[in-house]
Amino acid sequence: MATDLTAPANDEAALGEINKYDFVTPTTGVFKARKGLDAEVVSQISDLKDEPDWMREFRLESLEIFESKPMPNWGGAINLDFQDVYYYLKPTEEQGKTWDDVPQEIKDTFDKLGIPEAERKFLAGVKAQFESEVVYGSLQEDLAEKGVIFTDTDTAVREHPELLREYFGTIIPPHDNKFAALNSAVWSGGSFIYVPKGVKIDFPLQAYFRINAESMGQFERTLIIVDEGAEVHYVEGCTAPMYSTESLHSAVVEIVVKKNGRCRYTTIQNWANNIYNLVTKRAMAYENALMEWIDGNLGSQLTMKYPAVYMMEPGARGEILSIAFASKGQHQDAGAKLVHCAPNTSGRIISKSISKNGGRSSYRGLCKVEDGAIGSKSNVVCDALILDPESRSDTYPYIEVEEQDVQIEHEASVSRIGEEQLFYLMSRGLTEAEASSMIVSGFIEPLIKELPMEYAVEMNRLIELQMEGSVG
Amino acid sequence: MSDTLKITDLHVAVEGKPILRGVNLTINRGETHALMGPNGSGKSTLGNAIMGHPGYEVTEGSIEINGEDILEWDASERARAGIFMAFQRPMSVPGVKMADFLRHAATNVRNPERKEGEDLISMREFRKELKEKMSQLRMDEEFARRYVNDGFSGGEMKRAEILQMAMLRPKFAILDETDSGLDVDAVKLASQSIAAISQETDGGAEMGILIITHHDKLLDHNAPDFTHVMLGGKIVETGGVELARELYTEGYDRIRAAYPEAAAAEAELAEEATTV
């Protein structure tokens, strides 16, 4: 049965003409899980997706683990009633939201960022699906010839069951933490990528081109397998503010990088201020493999996210570049983890945080060297910039070393935008706002230059928007 | 057009402590003024007060451009009105490239009415001009891509300050010990450059320059029309270029003897500085 996805007439008026990329895919069945979480809801999700038994059992076991685990007693305060959340919304049910429901500040940001009309509807949650089939289609064809698989995870469960099952839930098992268990029970969407041996993809794969309500949902689940000697750069998310009436986002991202492989995973997220963003990201890097996380966090009420690299075999490397921007009413508890499980592995963490208007940012990081991982090196640099006296920054570095012959370095700095620096820039004709903005852009430059061009431009614009009206 | 920067009976306090105690000074465009005086006499304080540093509180007196009082203007507005200061110790701004910073600054100073977010001056013209100025200052092109003052040597910082002056084409420039930390050749290049920039500023109308210095080298190519001696927060004597020569060779003993009141104020300031 085809479902009518047409938004109410007043939305169309507000949004203008239908964009040429504005495809709507008919879906079969209509389902909206009731609020709350129990075995019935979880089974319903599995039924709707017509999943194999193993996945249903995986979900149900995960639910039990979720229920048995206490809330984390570190990080930020989570005031969330798990029974007051919808865990599964079929995209067809999203039409109830209208453009008028979207807060004005979000609309203004869309304007300033110049987000195309069709994307605005998706990003605001007004429109259920946004897919650019032209772009995605040609991309897929090119990749498919090389044996690359790039699809959403639900499709992968159906079409690539053996490959998926070999790795799914092995890097981040459900019992890893409460929110990984939650995601394992109710996950939906996310990306599945397999890059075969020796295949090097020389352009970034972007979820941006294939975003739809399922793949960018609240509980997405991403799995990336980079086979021996293969290379991929995956870019997730988009810099426009993600607006949702639901207050919980809890994703799981699992990555395997085999011998001599390379993987870079770039995320820039800018959540609306009501969101709890609790994400588990972990990669396992094997012999001489390189895993890089580039992780940018803006917005949200509370973000807890610590991308990790487990260096499993000799010569593996892990690099994590993390940036957080906390403004009024926001707490960014972000960081990184490096775990050295084999000899001669090396890791590097660079963390930058900015706090303004009473925002709070924390760096929380782990450097662990396991017994036998001789000759391993870890280098951690975390810098915090505080823009005003109301804002706050903390550093929680955890170091666990079970081996003698290793090298661990940790440097931390906290700075405030100084009167002298501002005066210097202003004496050259910059306004106070322009001067602060320039100091902040300079501070995050090491991250920006690692981003693909269009993301770098958008990130800079976002920072400018964040800085607007922050002084005066 | 003859613009005038006029300072009248200026009193300035820093963290509540009075430093300047009634400074009078008038600078017309085209004039070069040397400001000399022992350490701690208030020379840099005067520079910072003219530029509008928020930490320097004007407790009495006025600073005017063409009769308009600018005390309420912040540093940005003063820069747009044509005032420039080459800093004694410029601040570094890591992550911000010289070229990006200068393009933004030049845009604002040249279009004082520009609103935030409006277009910057054309990249092409800006690059051409920057390249030209850098070559005049014998600066490597790579300099434009370096972060503002980040990891610069003392000499590089001073040259970068002169480059900024060249790009911003001010009406009035304060050079706060631009010669300190430079070797003889570098001072020569700097002073020649300053003289050249002064001539070409804003379509031929020259800069009014206030050179704060301990040395006479910078004055070789920028012979002052006036030399002012500051002592104890006041300008106690004004003369021509010969006064600069005298102070450089003879020191300040004659001045202290001639102005006992200012010398007492100087001693008082010095004592406070050491007890803080």
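Residues numbered from 1 in each chain as written. Chains lettered and ligands numbered in written order. Predicted model: local features only at pLDDT ≥ 70, side-chain atom pairs only at ≥ 80, totals over all residues.

1. A word on the overall build of chain A
Okay, so step 1: Assigned secondary structure in chain A consists of 12 helices and 19 strands.
Okay, so step 2: Within the span of chain A, comprising 472 residues, buried residues form 51% of the whole.
Okay, so step 3: The long-range fraction of contacts in chain A, counting pairs at least 24 apart against all pairs at least 6 apart in sequence, stands at 84%. (Helix = DSSP H or I, 4+ residues; strand = E, 2+ residues; numbered from the N terminus. Buried ≥ 20, exposed ≤ 12 C-beta atoms within 10 Å, placed from the backbone. Contact = placed C-beta atoms within 7 Å.)

2. A look at the sheet that holds strand E10 (residues 208–212) of chain B
All names here are of chain B.
Okay, so step 1: An order of E6-E9-E10-E3-E11-E12 is seen for the 6 strands of this open sheet, with the pairing classed as mixed. The outermost strands of the open sheet, each flanked by one partner alone, are strand E6 (83–86) and strand E12 (234–239). Within the sheet, the average angular offset between the axes of one strand and its neighbour, ignoring direction, is 20 degrees. (Pairing = 2+ DSSP bridges. Axes fitted to C-alpha atoms, helices over the stretch in contact; angles between N-to-C directions.)

3. Considerations on the interface of chain A and chain B
Okay, so step 1: Contact with chain A, which involves 21 residues of that partner, is made by 26 residues of chain B.
Okay, so step 2: Of all the elements in the fold, those that place two or more residues in the side of chain A that touches chain B are helix H10 (419–426) and helix H11 (432–448) of chain A.
Okay, so step 3: In terms of residues, the side of chain A that touches chain B owes the most to one element, H11 of chain A, which gives 9 residues.
Okay, so step 4: Residues belonging to the side of chain A that touches chain B are distributed by class as follows: 9 nonpolar, 6 polar and 6 charged. (Nonpolar A, V, L, I, M, F, W, Y, C, P; charged D, E, K, R; others polar.)

4. Some words on the nonpolar core
Okay, so step 1: Residues Ile 255, Val 257 and Ala 285 of chain A are the most contacted members of the largest nonpolar core, which totals 183 residues.
Okay, so step 2: No other element matches the 8 residues that helix H5 (residues 154–168) of chain B contributes to this core.
Okay, so step 3: Setting aside residues no more than four positions away along its own chain, Val 257 of chain A makes contact with Val 226, Arg 262, Cys 263, Ala 283, Ala 285, Tyr 286, Ala 289 and Met 291 of chain A. (Core = buried A, V, L, I, M, F, W, Y, C linked by C-beta atoms within 7 Å.)

5. A look at the environment of Leu 120 of chain B
Residue and element names in this part refer to chain B.
Okay, so step 1: Its location among the elements puts Leu 120 in the loop between helix H3 (98–110) and helix H4 (123–136).
Okay, so step 2: For Leu 120, a count of 14 C-beta atoms within 10 Å corresponds to the partly exposed category.
Okay, so step 3: Spatially, the C-alpha atom of Leu 120 lies 8.7 Å from that of Ala 106, the residues being 14 residues apart in sequence.
Okay, so step 4: Not counting chain neighbours up to four residues away, the residues in contact with Leu 120 comprise Arg 103, His 104 and Thr 107.

6. Examining the domain arrangement of chain A
Residues and elements named next belong to chain A.
Okay, so step 1: Along its sequence, chain A is organised into domain 1 (9–123), domain 2 (137–418) and domain 3 (419–472).
Okay, so step 2: The centre of domain 2, based on its C-alpha atoms, is set 26 Å off from the matching centre of domain 3.
Okay, so step 3: Each side of the interface is counted separately: domain 2 has 22 residues, and domain 3 has 20 residues.
Okay, so step 4: For the side of domain 2 that touches domain 3, the secondary-structure elements that each account for two or more residues are strand E8 (262–271), strand E10 (290–299), strand E13 (317–326) and strand E15 (346–355).
Okay, so step 5: A breakdown of the residues in the side of domain 2 that touches domain 3 according to their chemical character gives 13 nonpolar, 7 polar and 2 charged. (Domains from an automatic or database assignment.)

7. A few points about the sheet that holds strand E19 (residues 407–416) of chain A
All names here are of chain A.
Okay, so step 1: A sheet is described by the order of its strands in space; here 8 strands give the open sequence E3-E5-E8-E10-E13-E15-E17-E19, paired in parallel fashion. With partners counted over all chains shown, the strands left at the sheet margins are strand E3 (205–206) and E19, one partner each.
Okay, so step 2: In the sheet, E8 pairs with E10 via 10 bridges, with the strands oriented parallel. Each bridged residue has a counterpart across the sheet, and for Thr 266 the counterpart in E10 is Ile 294.
Okay, so step 3: Running at roughly 160 degrees to E15, H11 makes contact with E10, E13, E15 and strand E17 (377–386) of the sheet.

8. What about helix H2 (residues 39–49) of chain A?
All names here are of chain A.
Okay, so step 1: Of the residues making up H2, those classed as buried are Val 42, Ile 45 and Ser 46. End-on view of H2: buried residues confined to an arc of 95 degrees, all on one side of the axis. Turned more than 90 degrees away from the buried face of H2, the exposed residues are Glu 40 and Asp 47.
Okay, so step 2: Residues of H2 that are buried sit in contact with helix H3 (53–68) and helix H9 (178–186).
Okay, so step 3: Asp 50 occupies a position one or two residues after H2 and carries a positive phi of about 55 degrees. (Arc of directions from axis to C-beta.)

9. Some details on H4 of chain B
Since the α-helix packs 3.6 residues into each turn, any two residues three or four apart lie on the same face.
Okay, so step 1: Under the 1.5 Å per step criterion, the end-to-end length of H4 of chain B is 20 Å for 14 residues, consistent within 8% with the ideal 20 Å.
Okay, so step 2: Just beyond H4 of chain B, the residue with positive phi is Arg 138 of chain B, at close to 55 degrees. (Expected span 1.5 Å × (residues − 1).)

10. Considerations on the confidence of the model for chain B
Any region with low pLDDT has predicted coordinates that should not be read closely.
Okay, so step 1: On average, residues of chain B carry a pLDDT of 90, and 96% of them reach 70 or more.
Okay, so step 2: As a predicted assembly, this complex carries a pTM of 0.76 together with an ipTM value of 0.95. (pLDDT = per-residue confidence, 0-100.)

11. Describing the environment of Gln 332 of chain A
All names here are of chain A.
Okay, so step 1: As for its position among the elements, Gln 332 is in strand E14 (residues 331–340).
Okay, so step 2: A tally of 30 C-beta atoms within 10 Å means that Gln 332 is categorised as buried.
Okay, so step 3: C-alpha of Gln 332 to C-alpha of Thr 303: the two residues are 29 residues apart in sequence and 4.9 Å apart in space.
Okay, so step 4: Beyond its immediate chain neighbours, meaning those up to four positions away, Gln 332 contacts Asn 297, Thr 303, Ala 324, Ala 326, Ser 353, Ser 361 and Ser 362.

12. Looking at the packing of H3 of chain B against H5 of chain B
Residues and elements named next belong to chain B.
Okay, so step 1: Interaxial distance between H3 and H5 falls to 9 Å at its minimum, and their mutual angle equals 35 degrees. As H3 packs across H5, the resulting crossing turns out to be right-handed. In this structure, H3 uses Met 98, Leu 102, Ala 105, Ala 106 and Val 109 to contact H5, whose residues at the interface are Ala 160, Gln 164, Met 167 and Leu 168.
Okay, so step 2: A breakdown of the residues in the contact of H3 with H5 according to their chemical character gives 8 nonpolar, 1 polar and no charged. (Left-handed = near helix turned anticlockwise from the far one by under 90°.)

13. A word on the environment of Arg 282 of chain A
All names here are of chain A.
Okay, so step 1: By secondary structure assignment, the location of Arg 282 is in strand E9 (residues 276–285).
Okay, so step 2: A count of 22 C-beta atoms within 10 Å places Arg 282 in the buried class.
Okay, so step 3: With 11 residues separating them along the chain, Arg 282 and Trp 293 place their C-alpha atoms 9.4 Å apart.
Okay, so step 4: Dropping the residues within four chain positions of it, Arg 282 is found in contact with Ile 171, Ile 172, Glu 254, Ala 308 and Tyr 310.

14. Here we look at the confidence of the model for chain A
Residues and elements named next belong to chain A.
Okay, so step 1: Chain-level pLDDT for chain A is 80 on average; 76% of the residues reach the 70-or-more range.
Okay, so step 2: The weakest mean pLDDT in chain A belongs to helix H1 (residues 9–15) at 33; the strongest belongs to strand E12 (residues 308–311) at 98.
Okay, so step 3: Here residues 1–30 is modelled with pLDDT under 50, and outside its nearest four sequence neighbours on either side it reaches 41 contacts, counting other chains as well.
Okay, so step 4: Between residues 91–96, whose pLDDT stays under 50, and residues either more than four places distant or in other chains, the model counts 20 contacts.

15. Some remarks on the pairing of strand E16 (residues 360–369) of chain A
Residue and element names in this part refer to chain A.
Okay, so step 1: E16 sits mainly inside the fold: 9 of its 10 residues count as buried.
Okay, so step 2: Examined bridge by bridge, E14 and E16 share 10 bridges and lie parallel to one another. In the sheet register, Ala 336 faces E16, and the bridge partner there is Gly 365.
Okay, so step 3: As defined by bridge partners, E16 adjoins strand E18 (residues 392–401) across 10 bridges and the pair is classed as parallel. Pairing of Val 369 across the sheet is with Val 401, part of E18.

16. Examining the packing of H2 of chain A against H3 of chain A
Residue and element names in this part refer to chain A.
Okay, so step 1: The contact between H2 and H3 brings their axes to 10 Å, and the two run at 155 degrees. Judged on the interaxial angle alone, H3 and H2 are roughly antiparallel. The element H2 and its partner H3 pack so that their crossing is right-handed. Across from Ala 39, Val 42, Ser 43 and Ser 46 in H2, the residues of H3 making contact are Met 55, Arg 56, Arg 59, Leu 60 and Leu 63.
Okay, so step 2: Partitioning the contact of H2 with H3 into residue classes produces 5 nonpolar, 2 polar and 2 charged. (Parallel < 35°, antiparallel > 145°, perpendicular 65-115°, else oblique.)

17. Re unusual backbone geometry
Okay, so step 1: Here the phi dihedral of Ser 300 of chain A falls at roughly 75 degrees; this positive angle occurs in a residue that is not glycine.
Okay, so step 2: Positive phi outside glycine occurs at Asn 149 of chain B, with the angle close to 55 degrees.
Okay, so step 3: The residue Asn 149 of chain B is located in the loop between strand E8 (147–148) and H5 in this model.

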